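Tertiary structure, described
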Amino acid sequence: MRDRTFISFDWALKRLLRDKANFDVLEGFLSTLLNTQVTISDLLESESNKEHKDGKQNRVDLLAKNSKGEMLLIEVQGETEFAFFQRILFGASRLVTEYIDSGQNYENVKKVYSINIVYFDLGQGKDYVYHGKTEFRGIHYNDVLRLSPFQQQKFGFDEVYQLYPEYYILKVNDFDRWSRTPLDQWLYFLANSELPDDADAPGLLAARQKMRVAQMSKEEHAAYRRYLDDRVILQDQILTARGEGRAEGRAEGRAEGRAEGRAEGRAEGRAEGIQETARKMLEMGFDAGTIAQATGLDTELINQLKQNQND
């Protein structure tokens, strides 16, 4: 692994960017992506705010509130996940329900932005930045349902979609094209942890000053190196578990295929291969949430497999 000048963005989310003195980096990134000025007022408790006790996770997130009271959930994920789209829906929906008090009017539902930086090949598509929003379109006239003038005045928005969660997916894996476009500059930085001399997108000047590896203390640098090493080991363990699980699943599938029919045997072999992957990951010490991300199995089944191993 070659040494880089700047620390990785996922590590920055875990440590550096949680310091109010460094909000300008995060504000520059968010302002560039959302194409509006973003000012962070506070950080809130999120799923990964607490250190994972054994480090066996490949996802980092940060939950911020801006000066308008809107919620911004920023997540970095390094390994493929079968049900990724459903999980980001769940994450945004949970914020909607958690940050409204019982008995409050629905007009107090918070606006949520779900911003997802992925380092794997997600879905099918040629672009590298995707934006998802909710709109209501007429079946007969194809018109978009809009807010009434009173609703616009009351809610402070012009369009219905602005009331709903919005999703951004940045597919930065292997992005290596430098550009004068601010968003492309950020994507390059996210993908490569490097900044050319002419980088001038909002927040990148602050990143150049504050995210240098050389500025770390000895203790911080040692922790950062351990984090990078653990990340590589984690990815290798997941790939190993998947490979072993698939191999054992194929072997069982072939055996069942001879006895009960090839198509049924292949299907059962694939299912058994996924479960075998989960068993291998349990043996390696992965938690149920990480295994669910990697395999697509629900946590109830994973916990059942764990119980069977312990019996």
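Each remark here, short or long, concerns the structure printed above.
Predicted model only: the values in this text are computed from it and were never measured.

**Digging into the layout of surface pockets**
Each pocket or cavity is described by its volume, and for the second largest pocket that value is around 700 Å³. Along the walls of the second largest pocket sit 27 residues, with Glu70, Lys111, Phe155, Phe157 and Gln162 positioned nearest its centre.

**Some details on the pattern of salt bridges**
For the structure on display, the rule yields ten salt bridges. Where Glu107 meets Lys154, a salt bridge forms, and the shortest distance between an N and an O atom there is 3.7 Å. In this pair, Glu107 sits in the loop between α3 (84-98) and β4 (112-118) while Lys154 sits in helix α4 (residues 149-155), placing the two residues 47 residues apart along the sequence. Glu107 gets classed as partly exposed once you look at its relative accessible area, which sits at 43%. Its relative accessible area of 47% is what places Lys154 among the partly exposed residues. With a shortest N-O distance of 3.2 Å, Asp184 and Arg177 are connected by a salt bridge. Salt bridges linked by common partners bring Arg180, Asp198 and Asp200 together as one network.

**Thoughts on the nonpolar core**
Core analysis: the biggest nonpolar cluster contains 49 residues, and Phe9, Phe29 and Leu170 have the highest contact counts within it. Each residue touching Phe29, except ones within four places of it in the same chain, is listed here: Phe9, Ile74, Ile115, Ile117, Leu170, Trp186, Leu190 and Pro202. Formed by 15 residues, the second largest nonpolar core is a distinct cluster that contains Met71, Phe120, Leu122 and Tyr167.

**Considering helix α10 (residues 299-310)**
Counted at 1.5 Å a residue, the expected span for α10 with its twelve residues is 16 Å, and the 16 Å between its end C-alpha atoms agrees. Sitting at the head of α10, Asp298 places a side-chain oxygen 3.1 Å from the backbone nitrogen of Glu300.

Criteria and thresholds
- Residues numbered from 1 in each chain as written.
- Predicted model: local features only at pLDDT ≥ 70, side-chain atom pairs only at ≥ 80, totals over all residues.
- Heavy atoms only, no water.
- 1 Å grid on protein atoms, 1.4 Å probe; cavity = no way out; pocket = protein on both sides within 12 Å on 5 of 7 lines; lining within 4 Å.
- Points joined across faces, edges and corners; volume = space filled by probe spheres on them.
- Salt bridge = Lys/Arg side-chain N within 4 Å of Asp/Glu carboxyl O.
- Helix = DSSP H or I, 4+ residues; strand = E, 2+ residues; numbered from the N terminus.
- Buried < 20%, exposed > 50% of the residue type's maximum accessible area, 1.4 Å probe, protein only.
- Core = buried A, V, L, I, M, F, W, Y, C linked by side-chain atoms within 4.5 Å.
- Contact = heavy atoms within 4.5 Å.
- Expected span 1.5 Å × (residues − 1).
- Polar contact = N/O pair within 3.5 Å; in protein donor to acceptor, adjacent residues only side chain to side chain.

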